[in-house]
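Report on the structure
Single-letter residue listing:
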Amino acid sequence: MKKLAQLPLHQKARVLGISESELKPKLLEMGLYPGKEVEVLFKAPFGDPIAVDISGYTLSMRLSEANLIEVE
Amino acid sequence: MKKIALFGNPNTGKSSLFNRLTGLRQHVGNFPGVTVDKHSGFLNISGKEIELIDFPGTYSIYPRSKDEEVVYNVISNPKDANFPEKAIVVLDSTNLERNLLLFTQIYDMGFNTALVLNMTDVASRNGFEIHISALLEAFPDAKIIRTNARIGTGLSELKAWMAEESVPRETRQQTLKAKNDLEGQIADTNTRFDHIKKIVSQAVSKKPTEANFSSKLDKWLVHPVLGYLIFLVLLLVIFQTVFTLASYPMDWIDLGTSSLASWLGTIMPEGVFTSLIVDGVIPGIGGVLIFIPQIALLFFMLAILEETGYMARVVFITDKLMRPFGLNGKSVVPLLSSAACAIPGIMATRTISSWQERLTTILVAPLISCSARLPVYTLLIALVIPSKIVLGFLNLQGLVLFALYLLGIISALLVAWVIKQFFKKKELSVFLLEMPAYKTPRWGNVGIEVFEKVKIFVFDAGKIILAISIILWALASFGPGNDMEHYAGKIQAPKVQTEEAMADYESQVASVKLEHSYMGHMGKFIEPVIKPLGYDWKMGISLLTSFAAREVFVGSLATIYSVHEVDDDPKQLIDKLKAQKRDDGTPTYTLASGLSLLVFYVFAMQCMATLAVVKRETKSWKWPIIQVGYMGVLAYLGAYITFILFS
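Overview of the structure.

Parameters and conventions
- Residue indices begin from 1 for each chain and proceed along its sequence in written order.
- Lettering for chains starts from A, numbering for ligands starts from 1, and both go in the order in which the items are written.
- Given that the model is predicted, a residue must reach a pLDDT of at least 70 before its local features are reported, and side-chain atom pairs must reach 80 or more before they are shown or counted; all residues, however, enter totals for whole chains, interfaces and linings.
- For side-chain calculations, the full set of non-hydrogen atoms in the structure is used, while hydrogens and water are omitted.
- Any residue under 20% of the maximum accessible area for its type is buried, any over 50% is exposed, and the rest in between are partly exposed; the area is computed with a 1.4 Å probe on protein chains only.
- Here a strand is any run of E in DSSP of at least two residues, a helix any run of H or I of at least four, and the numbering for each starts at the N terminus.
- Throughout, the arc means the angular range of directions from the helix axis out to the C-beta atoms.
- Should any heavy atoms of two residues lie within 4.5 Å, those residues are counted as being in contact.
- The definition of a polar contact used here is a pair of N or O atoms within 3.5 Å, where within protein one atom must be able to donate a hydrogen and the other to accept one, and adjacent residues in sequence count solely through side-chain atom pairs.
- Should a side-chain nitrogen of Lys or Arg be within 4 Å of a carboxyl oxygen of Asp or Glu, the pair is scored as a salt bridge.
- Reported buried area values correspond to the accessible surface (1.4 Å probe) lost by two parts on association, with both partners' losses combined.
- Amino acids are sorted into nonpolar (Ala, Val, Leu, Ile, Met, Phe, Trp, Tyr, Cys and Pro), charged (Asp, Glu, Lys and Arg) and polar (every other residue, Gly among them).

**Topic: helix α8 (residues 213-221) of chain B**
The set of residues buried in α8(B) consists of Ser214(B), Asp218(B) and Leu221(B). Along α8(B), the residues classed as buried sweep out an arc of 70 degrees about the axis, all on the same side. Away from its buried face by more than 90 degrees, α8(B) exposes Phe213(B), Lys216(B), Lys219(B) and Trp220(B). Packed against the buried residues of α8(B) are β3 (37-43) of chain A together with α9 (226-267) and α12 (310-322) of chain B.

**Some details on the environment of Asn118(B)**
All names here are of chain B. Here Asn 118 is to be found in strand β6 (residues 112-118). According to the relative accessible area criterion, Asn 118 is buried, its value standing at 2%. Along the sequence, Asn 118 and Arg 150 sit 32 residues apart, while their C-alpha atoms lie 9.4 Å from each other. Asn 118 has contacts with Thr 12, Gly 13, Val 90, Leu 91, Asp 92, Ser 93, Thr 147, Asn 148 and Ala 149, leaving out every residue within four places of it along the chain. At 3.1 Å, the side chain of Asn 118 forms a polar contact with the side chain of Thr 147.

**Regarding the pattern of salt bridges**
Applying the stated rule across the entire model yields 30 salt bridges over all chains. A salt bridge links Arg62(A) to Asp319(B); its shortest N-O distance comes to 2.8 Å. Placement of Arg62(A) in the loop between β5 (58-61) and α2 (63-66) and of Asp319(B) in helix α12 is noted, with the two residues assigned to different chains. One exposure class covers both Arg62(A) and Asp319(B), and it is buried. Salt bridges here are not isolated pairs; linked through shared partners, they connect Asp37(B), Arg350(B), Arg358(B), Asp460(B), Arg616(B), Glu617(B) and Lys619(B).

**Here's the deal with the interface of chain A and chain B**
With 31 residues of chain A at the contact, the number on the chain B side is 38 residues. With both chains or domains summed, chain A and chain B bury close to 3,200 Å², and 65% of this area falls on carbon and sulfur atoms. Linking chain A to chain B there are 5 salt bridges. Residue Arg64(B) is joined to Glu29(A) by a salt bridge in which the shortest nitrogen-to-oxygen separation is 2.5 Å. The interface formed by chain A and chain B contains 10 residue pairs in polar contact (both at pLDDT 80 or more). For the side of chain A that touches chain B, the elements supplying multiple residues, two or more each, are α1 (24-29), β3, β4 (50-53) and β5 of chain A. A total of 6 residues in the side of chain A that touches chain B trace back to one element, the largest contributor, which is α1(A). Each residue belonging to the side of chain A that touches chain B can be placed in one class, and the counts come to 17 nonpolar, 4 polar and 10 charged.

Written out as structure tokens, the structure reads:
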């Protein structure tokens, strides 16, 4: 299973789902529902956090958070 | 009074709209049980008084942090004092899909709801076209208004709707899931997005546009090397501005209050009441006002960084560095601001959504050496550190000053790490931060931000500062029995009353009076406790009085050693201090006792204004008391170890 945290820069992918965690409802409410198109735009120095385009806006998240998001 | 609630996602221009609608008729109060402030604004629309409540920006009505709970608490309880009659939901027109989630949640509960399409200018620039008819079809009971809060379009239409009588709608509290029913909330959100996707496909069409300005700028501003460099340069500019520009109004306030006090002293009859006004109340008010230039300037610049969208980038590039210490990227600006003054620094922690991370930042912020420590540092360094060159080019005095600042920063991070270990149940540390597009600041918002921060400080923290000032005045002005007058009377007035001789005489009287006041007795009383640190009771008195503010230490020493005109030339005081001998004939101010005092001032919470602000921000006396306690212990141990090492 591929995670958003492993997605290379500027490669588009689709959200499959979010792993069970306390953050699941929050991530969903930020628009990361299944089928949503995402793309990693740029990374902070040291590669963490990352800025992700969530078709419509840019969301920055830690790698630990991006690791909860399954993509294809 | 009619209550209308203002909801919306963060970064939708909700606050701009709130400012546009209410101007300066704003009031900051409390929501019961939470630390988040309640921002209300008052409008009078065709004779009707309306209270507009600006709720914190959230992505959903379900709380994901402690501060967000207030939205759920209010709308889930029709009996709540803040339960609104109508609701305005502000949406970012460039991102309707995500914004509509919150809107549908509120709309479905049966509120009279206005759907405010804000930032329409940005949307059309980015090629979005929004068809109101499709939105009206989906939400027939909603009032749909296009606004541009920047220039004020659509406001009169919104105001007219606010003043209208509410239309009866069926209230449907049952659409609300329980606060802890996460599964239910997830299922509900998924259903809503399925529905919203269909609406958006009807309501929004987008023409392709070129890569925008923001993404080009981000290549530089989050660059691994340039990103930090640009941030450091910006910080330097901010600090330089705060230091240099703030010092002028601060001097005027200082001069103004002391002139007012001495003028009142000459026209009012001598007595306790006059002394209360002249030595207690006016310096107390001066002690509040003196912080305004720093607070105003710092928030002016921080508001610009926030408004332009740069602040989100600072948080982005510093987050990783702060995480090991239980802090996050949002702690960086408050902590760095504390190098100018901990008060605006602590007030700037509002943006930290995690309560544990915010509290940690507040608790360690005063460890960062602020500008008020500088007079103490420079006096003591000049006193005990020789001015010589070490390692070929470094001045030893400058090196010690640098080491003191470094000690403050390192201890702040270490204490933050220790505090992190204390939290038993770790609050979820969420980063998830929207990166807003870069924009030019809205000056109205910047102005209101500065005004609000100054107002909160003066009216909320100011009361506490004034009260403590009066207590300190009373302790220094009264003594047991008539000791003060008795001992002061023993000093002979000069026979030839030259100006110089009179000034000498007056400073001797002031010195003796302070020695025999309650404060003087307290200084002597604590002498056994501070003796291991290398201090005598005279330093004890100065430590106690400088609880008002650190720089008071210098003035107190001057009073005790009956040195006048210390402001213009500290040399006289330094010479006098150098000449002080202990009972055994050794000098009082040695390298060991001087360094010990310096370390004490790095750690000790010697600032009642900071205390008052921590009380204001945490809404409890618990945290300021803990803070005074732990910083006091650090100061004592640090000073003790330093004294032992260097004696």
